[in-house]
Amino acid sequence: MLKGKYTGLRAVEKEDLVYLRDWRNISHFRKNFREHKELNLFNQENWFNRTFSSPNDFMFVIVDLESNLPIGACGLLYTNWIIRSADFSFYIGHNELYIDDKYALDAATILIKYGFEDLNLNKIWMELYEYDYKKLDFFKNHFNFKVDGMLRQNAFSEGRYWDSYIISLLKAEV
């Protein structure tokens, strides 16, 4: 387990899939994910089997170190070993926090350090929809992620099209 001050990151186990499904199906979370359909346990099991057989995907359950209970999920996905980059996936599902300044800050710090130091990545990036201001502000303000670009009208929610932003952090910027 990778440990921080408040959280630990451990490999996802099959028993965690119910948590992940339930958190992913929270409607105000789901609209922020690229896969925004309602998921069932079969979907989660397929994702689990696909993800954990891939050498390019590193997913973790975020655990509260005090209670040892799962509180969220995070990972580095779609790793490109030539340019040494990975897509950052992250949320706190417990109590529908999504992003906060205690658990999210601690767990994101652990994952970023793991990506740059252990995996020797050069860039950690993510795509966020413009209405996901909570994550945009969090990663730009706490970790100095920069906007690489914008994809115009790249999401549909609440009856309209929204832009998405590609944001990233380079190893040299940490």
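Rules behind the numbers
- Residues numbered from 1 in each chain as written.
- Predicted model: local features only at pLDDT ≥ 70, side-chain atom pairs only at ≥ 80, totals over all residues.
- Heavy atoms only, no water.
- Pairing = 2+ DSSP bridges.
- Helix = DSSP H or I, 4+ residues; strand = E, 2+ residues; numbered from the N terminus.
- Phe/Tyr/Trp six-rings, centres within 6.5 Å; stacked < 30°, edge-to-face > 60°.
- Buried < 20%, exposed > 50% of the residue type's maximum accessible area, 1.4 Å probe, protein only.
- Lys NZ or Arg CZ within 6 Å of the ring centre and 35° of its normal.
- Core = buried A, V, L, I, M, F, W, Y, C linked by side-chain atoms within 4.5 Å.
- Contact = heavy atoms within 4.5 Å.
- Salt bridge = Lys/Arg side-chain N within 4 Å of Asp/Glu carboxyl O.

> I'd like to hear about the pairing of strand β7 (residues 146–157), residue by residue, with values.
Two strands pair when backbone bridges link them, and β7 and strand β8 (residues 160–170) are joined in this way by eight bridges, in the antiparallel orientation. Residue Lys 146 lies in a different strand from β8, and its bridge partner there is Ser 168. Taken together, β7 and the strand that follows it, β8, pair antiparallel across an intervening segment of two residues, in which Glu 158 is found at a positive phi of about 55°.

> Let's hear about the packing of aromatic side chains: which residues, and what values?
In the structure shown here, the tally under the stated rule is 21 aromatic pairs. Taking 5.0 Å as the distance between ring centres and 50° as the angle between the ring planes, the aromatic pair formed by Phe 29 and Tyr 98 counts as tilted. Here the residue Phe 29 occupies a position in helix α2 (residues 27–30), and Tyr 98 occupies one in the loop between β5 (85–92) and α4 (103–118), the gap between them amounting to 69 residues. Like Phe 29, the residue Tyr 98 is buried in the burial classification. Across the ring face of Phe 33, the terminal group of Arg 24 is positioned such that the distance to the ring centre comes to 4.1 Å. Directly above the aromatic system of Trp 162 lies the positively charged group of Arg 160, at a separation of 3.6 Å from the ring centroid.

> Mind laying out the nonpolar core, listing which residues take part and the relevant values?
Ranked by internal contacts, the top residues of the largest apolar core, which has 48 residues, are Leu 76, Phe 88, Phe 90, Phe 139 and Phe 145. Elements with a minimum of two residues in this core: α1 (17–24), β3 (58–64), β4 (70–80), β5, α4, β6 (123–129), α5 (133–143) and β8. Broken down by element, this core gets its largest block of residues, nine residues, from α4. Setting aside anything within four residues of it in sequence, one finds Phe 90 in contact with Ile 62, Ala 73, Cys 74, Ile 99, Ala 104, Ala 107, Ala 108, Lys 135 and Phe 139.

> Tell me about the environment of Arg 21, and please be specific about residues and values.
With respect to the secondary-structure elements, Arg 21 resides in helix α1. Residue class for Arg 21 comes out partly exposed when judged on its relative accessible area of 22%. When residues no more than four places from it in sequence are discounted, the contact partners of Arg 21 are Leu 39, Asn 40, Leu 41 and Gln 44.

> Which residues make up the pattern of salt bridges, and what values do they have?
Tallying each qualifying case throughout the model produces six salt bridges. Residues Asp 22 and Arg 21 are paired through a salt bridge, measuring 2.9 Å at the closest nitrogen-oxygen approach. Via salt bridges that share partners, Arg 34, Asp 87 and Glu 127 belong to a single interconnected network.

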